[in-house]
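# Remarks on the overall topology
Spelled out from the first residue to the last, the chains are:
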Amino acid sequence: MKRPILLHPDPRLRKVCDAITDIGDAERRLAEDLLETMYDAPGLGLAAPQVGVTQRMLVMDCSDREEGETPEPLCLINPQIVLASDERSLREEGCLSFPGQFSDVERPADVRVRYWDADGREHERDFSGLWATCVQHEIDHLNGKLFIDHISMLKRQRINAKMKKMKREKQRSA
């Protein structure tokens with residue numbers, strides 16, 4: 001089921017999410033809903049708090065479907081970065097909770113993440129390139145952190161002003 005995506009500024013996007021202690025049907029449904037919502041948006045990743053659920057779950061798929069790559073949907077439950085490279089990467093980031101807003105963000109170029117999948121199996125996986133950027137962006141969401149927290153105060157203020165204006169206009173037209 002497609003879920004509505006929260007738009008910044010929304011205080012729920014700043015909440016630190018709770019660990020998932022049991023993976024059952026409700027968690028598998030949430031994973032399916034997150035994937036459906038992410039693909040419909042369309043986006044590369046989506047974290048549970050972006051749909052108002054304060055649980056440590058995210059989904060992502062950075063495959064280039066326009067280039068014919070096979071989709072590779074991932075569900076990461078209770079993900080944690082266990083290793084990050086010293087090498088840094090600068091990439092333009094956007095966010096489904098900030099439609100139309102983008103900014104360059106610097107992050108580690110490569111990370112190793114430990115997580116559980118929707119079937120309760122533990123994994124440890126290395127991510128690089130766009131995948132590394134995406135997984136770090138989504139894990140930030142689980143910690144109440146947003147991509148604008150990584151940019152200059154001036155750029156952050158501009159994006160905040162644009163988002164407030166967008167939300168006011170949406171409320172007027174609703």
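Check the entry above for the structure.
Okay, so let's go over this structure. (Residues numbered from 1 in each chain as written. Predicted model: local features only at pLDDT ≥ 70, side-chain atom pairs only at ≥ 80, totals over all residues. Heavy atoms only, no water.)

### As for the overall build of the protein chain
Going by this rule: In this text, helices come from DSSP runs of H or I with a minimum length of four residues, and strands from runs of E with a minimum of two, each type numbered from the N-terminal end. Taken over C-alpha atoms, the radius of gyration is set against a globule rule of 2.2 Å times the number of residues to the power 0.38. Using a 1.4 Å probe on the protein chains alone, a residue whose accessible area is under 20% of its type maximum counts as buried, one over 50% counts as exposed, and one in between counts as partly exposed. Pairs of residues are marked as contacts when any of their non-hydrogen atoms sit within 4.5 Å. Here the Shrake-Rupley method, with its probe set to 1.4 Å, supplies the accessible areas, and only the displayed protein chains count as covering residues. By the counting scheme adopted, Arg and Lys are positive, Glu and Asp are negative, and His together with the chain ends is not counted. To locate a charge, take atom NZ for lysine, CZ for arginine, CG for aspartate or CD for glutamate.
In terms of regular secondary structure, the protein chain is built from three helices and seven strands. Order of helices (α) and strands (β) in the protein chain, N terminus to C terminus: α-β-β-β-β-β-β-β-α-α. What you see for the protein chain is a C-alpha radius of gyration of 16 Å, in line with the 16 Å of a compact globule of 174 residues. Summarising its shape, the C-alpha atoms of the protein chain cover approximately 45 × 40 × 35 Å along the three principal directions. For the protein chain, the proportion of its 174 residues judged to be buried stands at 45%. Sequence-distant contacts, at least 24 apart, represent 64% of the contacts inside the protein chain between residues at least 6 apart. Counting every atom, the protein chain has about 9,300 Å² of accessible surface; 46% of that belongs to carbon and sulfur. Positive and negative charge centroids in the protein chain, built from 27 and 31 side chains respectively, lie 10 Å apart.

### Concerning the pattern of salt bridges
Test applied: What counts as a salt bridge is simple: a side-chain nitrogen of Lys or Arg found within 4 Å of a carboxyl oxygen of Asp or Glu.
Tallying each qualifying case throughout the model produces 14 salt bridges. Measuring nitrogen to oxygen at the nearest pair gives 2.6 Å for the salt bridge that ties Glu93 to Arg107. Remark: Arg107 occurs in strand E5 (residues 98-108) and Glu93 occurs in strand E4 (residues 88-95); sequence separation between them is 14 residues. Assigned by exposure class, Glu93 and Arg107 land together as buried.

### A word on the nonpolar core
Put simply, the rule reads: Definition used in this section: a nonpolar core is a set of buried Ala, Val, Leu, Ile, Met, Phe, Trp, Tyr and Cys residues joined via side-chain atoms within 4.5 Å.
Core analysis: the largest hydrophobic core is formed by 17 residues, its most contacted members being Leu58, Met60, Leu76, Val113, Phe127 and Val135. At the level of elements, strand E2 (57-60), strand E3 (74-84), strand E6 (110-116) and helix H2 (129-142) are the ones that each hand at least two residues to this core. Looking at this core element by element, the count peaks at six residues for H2. Among all residues touching Phe127, those that are not within four sequence positions of it are Met60, Leu74, Leu76, Ala109, Asp110, Val111, Val113, Ala132 and Val135.

### Examining unusual backbone geometry
Put simply, His8 and Pro9 share a cis peptide bond, and its omega is 0 degrees. When you line up the elements, Pro9 lands in the segment before helix H1 (25-40). At Asn78, a residue that is not glycine, the phi angle is positive and equals roughly 50 degrees. With respect to the helices and strands, Asn78 occurs in strand E3. Of the residues examined, Asn78 reaches a relative accessible area of 15% and is grouped as buried.

### Thoughts on the sheet that holds E6
This is how it is decided: Here, a strand pair is defined by DSSP locating no fewer than two bridges between the strands. Lines fitted to C-alpha atoms define the axes, with helix axes restricted to the stretch in contact, and inter-axis angles between N-to-C directions lie between 0 and 180 degrees.
Strand order in the open sheet formed by five strands is E1-E2-E3-E6-E7, and the pairing between neighbours is antiparallel. At either margin of the open sheet sits one strand with a lone partner, and together these are strand E1 (45-47) and strand E7 (122-128). With direction set aside, neighbouring strand axes in the sheet form an average angle of 40 degrees. Pairing between E1 and E2: three bridges, direction antiparallel. In the strand pairing of E2, Ala47 is matched with Leu58. Against the sheet, H1 contacts E1, E2 and E3, and its axis sits at roughly 40 degrees relative to E2. Contacting E1, E2, E3, E6 and E7, H2 runs over the sheet at an angle of about 155 degrees to E2.

### Some details on the layout of surface pockets
Convention followed: Grid points spaced at 1 Å over the protein atoms alone were grouped into cavities, where a 1.4 Å probe fits but cannot get out, and pockets, open sets with protein on both sides within 12 Å along at least five of seven lines, with lining residues defined by an atom within 4 Å of a point. Grid points are joined across faces, edges and corners, and a volume is the space filled by probe spheres set on the points. We call Asp, Glu, Lys and Arg charged. Ala, Val, Leu, Ile, Met, Phe, Trp, Tyr, Cys and Pro are nonpolar, and the rest, Gly among them, are polar.
Put simply, the largest pocket is a space of about 580 Å³. Along the walls of the largest pocket sit 27 residues, with Gly43, Leu44, Gly94, Cys95 and Leu96 positioned nearest its centre. Mapped onto the lining of the largest pocket, the elements with two or more residues apiece are E4, E5 and H2. Ranked by the residues each element gives to the lining of the largest pocket, the list is headed by H2, at six residues. Split by residue class, the lining of the largest pocket holds twelve nonpolar, nine polar and six charged.

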